[in-house]
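Summary of structural features
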Amino acid sequence: MATVSPFPPQFQHPNSSSNFSSPMLQPYLEQLDEKHKQQPQPQQAAVEQVDNDPKQSHLNLCPNPGLINKSISTLYRVSFNQNGSCFAIGTDCGISVYSCDPFCEMFRRYFDNGGGIGIVEMLFRSNILVFVGNGDNPQYPRNNVIIWDDHQSRCIGELRFRSAVRGVRLRRDCIVVILEQKIYVYNFADVKLVHQIETISNPKGLCEISQTAVSPVLVCPGLQNGQVRVENFTSKRTKFVFAHDSRIASFALSHEGDVLATASIKGTLIRIFSTQDCSLLQEVRRGADRAEIHSVSFSPTAQWLAVSSDKGTVHVFRLKVNLGSQVKPKGSRNSRVTLAALTSPLPFIKGVLPKYFSSEWSVAQFRLPGDSEYIVTFGHEKNTLSILGLDGSFIRCKFDPASGKEMTQLGIHNFLKSEKAP
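Below, the structure is looked at part by part. (Residues numbered from 1 in each chain as written. Predicted model: local features only at pLDDT ≥ 70, side-chain atom pairs only at ≥ 80, totals over all residues. Heavy atoms only, no water.)

Here the focus is the sheet that holds strand S17 (residues 237-242). In sheet architecture, strand pairing relies on hydrogen bonds along the backbone and comes in two forms, parallel and antiparallel. Reading across from one edge, S14-S15-S16-S17 is the order of the four strands in this open sheet, with antiparallel pairing throughout. Every interior strand has two partners, whereas the edge strands, strand S14 (208-209) and S17, have only one. Summarising the sheet, S14 and strand S15 (residues 217-221) pair through two bridges and their orientation is antiparallel. Paired with Ile-209 across the bridge in S15 is Leu-218. (Pairing = 2+ DSSP bridges. Helix = DSSP H or I, 4+ residues; strand = E, 2+ residues; numbered from the N terminus.)

Attention now goes to the packing of aromatic side chains. Applying the stated rule across the entire model yields 15 aromatic pairs. Note on Phe-378 and Phe-399: the rings are 6.4 Å apart at their centroids and 75° apart in plane angle, and the pair reads as edge-to-face. Of this pair, Phe-378 sits in strand S26 (residues 374-378) while Phe-399 is found in the loop between strand S28 (393-398) and strand S29 (408-414), placing the two residues 21 residues apart along the sequence. The exposure class of Phe-378 is buried, given its relative accessible area of 6%. Look at Phe-399 and you get buried, because its relative accessible area is 3%. Each residue in the set Phe-80, Phe-87, Tyr-98, Phe-103, Phe-394 and Phe-415 is aromatic and connected to the rest through ring pairs, giving one cluster. Above the face of the Phe-124 ring, Arg-172 is positioned so that its terminal group lies 4.0 Å from the ring centre. (Phe/Tyr/Trp six-rings, centres within 6.5 Å; stacked < 30°, edge-to-face > 60°. Buried < 20%, exposed > 50% of the residue type's maximum accessible area, 1.4 Å probe, protein only. Lys NZ or Arg CZ within 6 Å of the ring centre and 35° of its normal.)

In this section: the sheet that holds strand S24 (residues 313-318). Taken together, the four strands give an open sheet; going across it, the order is S22-S23-S24-S25, and neighbouring strands pair in antiparallel fashion. Either end of the sheet is taken by a strand with one partner, and the two such strands are strand S22 (293-298) and strand S25 (364-367). In this sheet, neighbouring strand axes are inclined to one another by 15° on average, regardless of whether the strands run parallel or antiparallel. Of the strand pairs in this sheet, strand S23 (residues 304-309) and S24 are connected by five bridges, and their pairing is antiparallel. Note that in S24 the partner of Trp-304 across the bridge is Arg-318. (Axes fitted to C-alpha atoms, helices over the stretch in contact; angles between N-to-C directions.)

On to the side chain of Asp-277, then. One can find Asp-277 in the loop between strand S20 (269-274) and strand S21 (280-285). Asp-277 gets classed as buried once you look at its relative accessible area, which sits at 16%. Separated by 3.4 Å, the side chains of Asp-277 and Ser-274 make a polar contact. In this structure the side chain of Asp-277 is engaged in a polar contact, spanning 2.8 Å, whose partner is the side chain of Ser-279. (Polar contact = N/O pair within 3.5 Å; in protein donor to acceptor, adjacent residues only side chain to side chain.)

Structural data, given as structure tokens:
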């Protein structure tokens, strides 16, 4: 159980609040983005001009100008916002927020004592962010969730837990906090606890919640290896997907919350399920060798699925999801019969050759530059991806599903170099 409280005196922060207040969402990042698009100068010049604009004082790149050139030695976390338009990074100095298209730094917040931030989550392009401390010199304890209103440049609340926070997910109406073996769901308006879930050991903080559905759907690890729990909060129904024989490594939830994609620690197959009845809709193959899956992401319409792994490649798969006419094999509704097997052009070899030969493969691939860990999401332009690496890389690329060829790189940046630039 967590408690909501004001900040203790020892926590250094500008304009710290002594009372918790309900967050008032101000989408000022869209306004800042418009300023960037209107400037003919290079992106860095546009950032500097915002920093010198007295009318945008709450958007200064750094609340402590003397620290603007502070060098980052450790990058702890990178994360996209809910619609992939921005990303945020947590470092040993503080946090920074960037626009994906066009690529530019929106703002940064560094702390006087150089405190580390291990988790930073945005709420779309609003002024609300969530921090969790990390590193040898954490800005906040690792078991505290800090709710920050950047429009007011102040902290508006804190959730304290007895153990370290593994992850946070935000939705316009709720906050989800993931611990090692428990998940707490809070109303955003009053930060009252509305739900708690027990899970198997979850050190990665795996959990996703739908963003556009009227009825929120949450998915998280179950109490067994290979099991995913599906919570529908409106209908108050709980269901379980027995997705894999081994432990879950990564999963993704479609924007509407009706489709789930899962990958196990083997990393060879990705399975797609309906969250309505937990039936298997499709199975696709990343490869034959074991791999650590770093991220899985649906396109906004659930037509495509992107997967990144430690094999240094991003794959895009074509989905055949049609919830109106699901393929439901006889027997268990969680039966692992794939659409590829059911529609194979060589039905006479089914059951003779290994399953590998009838697998569905990716329609496009992108070779990553280096051996860092990368996460991926879909861009706003048609058939584009945004890729984010712990080495500081931000990459945009475009795929052509008809050709099946390698993706075309549209641009690459190193945001750690821009952080260190004067």
